[in-house]
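# Inside the fold
Here is what each chain is made of, one letter per residue.
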Amino acid sequence: QVQLLESGGGLVQPGGSLRLSCTALGNIRSINLMGWYRQTPGNERELVASFSSSGTPIYTDSVKGRFTISKDNAKNTISLQMNSLKPEDTAVYYCNVWHDRWVWGQGTQVTVSS
């Protein structure tokens, strides 16, 4: 069994910042198999940030320069630092990991509004 526990969501004003964290409980093959997705009502869940097989961060175009994905191998944790937030970043954010199937965190709401 592998579980993903997320934290860090909340309400911020445009231009503000939030930091999301996701900890994997149980053994996973590699922290590089973890990543971040987001989803808004009625839309597909989209990939926001992930790692290449060698551990290099990969971002969707809309967040490049504003979001940073990082990892802490000792804590089995990945984080998503979100700066210069925009209203269109509002979504439920999910972390995930490939472990013979897709395992998802519970989701955390990020709302960017004035």
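The structure contained in this document is the topic of the report that follows. Computed from a predicted model, the values in this text were never measured in an experiment. (Residues numbered from 1 in each chain as written. Predicted model: local features only at pLDDT ≥ 70, side-chain atom pairs only at ≥ 80, totals over all residues. Heavy atoms only, no water.)

## Details of the side chain of arginine 38
- Mapping arginine 38 onto the fold places it in strand S4 (residues 34-39).
- Judged by relative accessible area, which is 6%, arginine 38 ranks as buried.
- Side-chain polar atoms of arginine 38 contact the side chain of serine 62, separated by 3.3 Å.
- At 2.9 Å, the side chain of arginine 38 forms a polar contact with the side chain of tyrosine 93. (Helix = DSSP H or I, 4+ residues; strand = E, 2+ residues; numbered from the N terminus. Buried < 20%, exposed > 50% of the residue type's maximum accessible area, 1.4 Å probe, protein only. Polar contact = N/O pair within 3.5 Å; in protein donor to acceptor, adjacent residues only side chain to side chain.)

## What to know about the pairing of strand S7 (residues 67-72)
- Strand direction decides the pairing type here: S7 and strand S8 (residues 77-82), joined by six bridges, are antiparallel. Following the sheet pairing, lysine 71 is matched in S8 by isoleucine 78.
- Where S7 hands over to S8, the hairpin turn is made up of four residues, of which asparagine 76 adopts a positive phi near 55°. (Pairing = 2+ DSSP bridges.)

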